[in-house]
Amino acid sequence: MMAVAAVWGVLQLYAVSWPTRSVRLSTVLLAVAVGVYGCGVTTAVVQLAYTRLYAGQSGQSLLTVVNTTSYTVAPWAEELIKITPLLLVGCSRRVRRQWGLSDFTVLGGALGAGFGLLEAVLRFGLDADRAMARGEGWIIPDSLSPPYVPGLGQVLTAWLPAPFSQLGTVGPPATETFQHLVLSTLAGFGVGLLWRTRGWVRLLSAAPFAAAAFHHTVNNYAARESGSQAAQCQADPSAPSGYRVLTSFPQP
């Protein structure tokens, strides 16, 4: 179902861009596969390398390095790697003549969808046996705000649905927006500006990428700080007992 959500979001972008788009559906689906097996695997290898290298040189624990780079280096590296295929393909003069801004934008979203799908599968793919039915989908009971995989009906009625969401403590299960797809769509638009414009306007191509990477950084930082505050309160005996219970579960 996570794969269905990722592909459905890409198909929505493909449909709304039809008046100005020239790439075929097969090319867009190929971009999803490249996002999974190309961008996703490359990112995993790169992050594995620099976190261990820095941990060895700095003397810090690997966990500390991973937590720090998750909101410093990782967001920028991920956004860059996700659009690298577009940067490479755009070096072809033939491609630059055929593809417009909409093509680069949609393909950027497809690459991000594939990347995000691999990330979701690596996080929760081995937890299928623990999944419990909840509403129209399934939850993986690992915290008070567990991961929620939406059902088919929720996926097909949502705009750019994410493969999984974090279930809130109150309210019915809901499908969140696929952040990797959205941010890579924005970055893909920036690549389109780079290859399709001339003169000083090309300088504007850096703005969409920077916005995507900055948003990614802020999200990761907020998640990290939230997890750190929960862990600190858990270790603080002076904190209210009810709050310590609420924060005693691992953060997603």
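Here, every reference points to the structure presented above.
This structure is a prediction, so every number in the text was calculated from the model and none was measured. (Residues numbered from 1 in each chain as written. Predicted model: local features only at pLDDT ≥ 70, side-chain atom pairs only at ≥ 80, totals over all residues. Heavy atoms only, no water.)

## A few points about the nonpolar core
Threshold: Here, the term nonpolar core denotes a set of buried Ala, Val, Leu, Ile, Met, Phe, Trp, Tyr and Cys residues that are joined through side-chain atoms within 4.5 Å. Only protein chains enter the area calculation, which uses a 1.4 Å probe; residues under 20% of their type maximum are buried, those over 50% are exposed, and those in between are partly exposed. Counting from the N terminus, the helices are the DSSP runs of H or I reaching at least four residues and the strands are the DSSP runs of E reaching at least two. It only takes one pair of heavy atoms within 4.5 Å for two residues to be counted as in contact.
In this structure, Val10, Val28, Leu86, Trp99, Leu107 and Leu181 are the most contacted members of the largest nonpolar core, which totals 40 residues. Looking at this core, the elements that each hand over two or more residues are helix H1 (2-16), helix H2 (25-58), helix H4 (74-89), helix H6 (101-124), helix H8 (179-196) and helix H9 (206-235). Counting residues per element, this core draws most heavily on H6, which supplies 11 residues. Once you skip the residues sitting within four places of it in the chain, Val28 turns out to touch Val10, Tyr14, Val23, Val106, Leu107 and Ala110.

## Things to note about the packing of H4 against H6
Put simply, the test is: Fitted lines through C-alpha atoms give the axes, limited to the stretch in contact for helices. The angle between two N-to-C directions lies from 0 to 180 degrees. Working rule for angles: under 35 degrees goes down as roughly parallel, over 145 as roughly antiparallel, 65 to 115 as roughly perpendicular, anything else as oblique. What makes a crossing left-handed is the near helix being turned counterclockwise from the far one by less than a right angle; a clockwise turn instead makes it right-handed. For this classification, the nonpolar set comprises Ala, Val, Leu, Ile, Met, Phe, Trp, Tyr, Cys and Pro, the charged set comprises Asp, Glu, Lys and Arg, and every other residue, Gly included, is treated as polar.
At a closest axis distance of 9 Å, the pairing of H4 and H6 adopts a crossing angle of 130 degrees. Judged on the interaxial angle alone, H6 and H4 are oblique. Along this stretch, H4 crosses H6, giving a crossing that reads as right-handed. The residues of H6 that touch H4, namely those facing Glu78, Lys82, Pro85 and Leu86, are Phe104, Leu107, Gly108, Leu111, Gly112 and Phe115. Among the residues making up the contact of H4 with H6, the classes are represented as 6 nonpolar, 2 polar and 2 charged.

## Focus on the sheet that holds strand S1 (residues 132-134)
Put simply, the test is: What makes two strands pair is DSSP finding at least two bridges between them.
Spatially, S1-S2-S3-S4 is the arrangement adopted by the 4 strands of the open sheet, whose pairing is antiparallel. For this open sheet the edge positions go to S1 and strand S4 (165-166), each flanked by a neighbour on one side alone.

## Considering the side chain of Thr51
Threshold: Polar contact is defined as a pair of N or O atoms within 3.5 Å, subject to the rule that within protein one atom must be able to donate a hydrogen and the other to accept it, and that residues adjacent in sequence are counted only when both atoms are side-chain atoms.
Relative to the elements of secondary structure, Thr51 occurs in helix H2. Reaching out from Thr51, the side chain makes a polar contact with the backbone oxygen of Gln47 at a distance of 2.6 Å. With residues up to four places along the chain from it excluded, the contact list for Thr51 reads Leu62, Val65, Val66 and Thr69.

## Quick look at the packing of H2 against helix H3 (residues 62-69)
H3 packs onto H2 with a crossing angle of 125 degrees between their chain directions and a minimal axis gap of 9 Å. Comparing their axes, H3 and H2 come out oblique. Crossing hand, H2 versus H3: right-handed. Seen from H2, the contacting residues are Tyr50, Thr51, Arg52, Tyr54, Ala55 and Ser58; seen from H3, they are Leu62, Val65, Val66 and Thr69. For the contact of H2 with H3, the residue count by class is 6 nonpolar, 3 polar and 1 charged.

## Brief notes about the side chain of Arg21
Which entries qualify depends on this criterion: His is not counted, nor are the chain ends; Lys and Arg add positive charge and Asp and Glu add negative charge. When a carboxyl oxygen of Asp or Glu lies within 4 Å of a side-chain nitrogen of Lys or Arg, that pair is called a salt bridge.
Within the secondary structure, Arg21 is located in the loop between H1 and H2. With no salt bridge to any partner, buried Arg21 finds its closest opposite charge in Asp103, at an N-O distance of 5.8 Å. If sequence neighbours within four positions are ignored, Arg21 has contacts with Tyr14, Ser102 and Asp103.

All we've got here are geometric facts, nothing functional implied.
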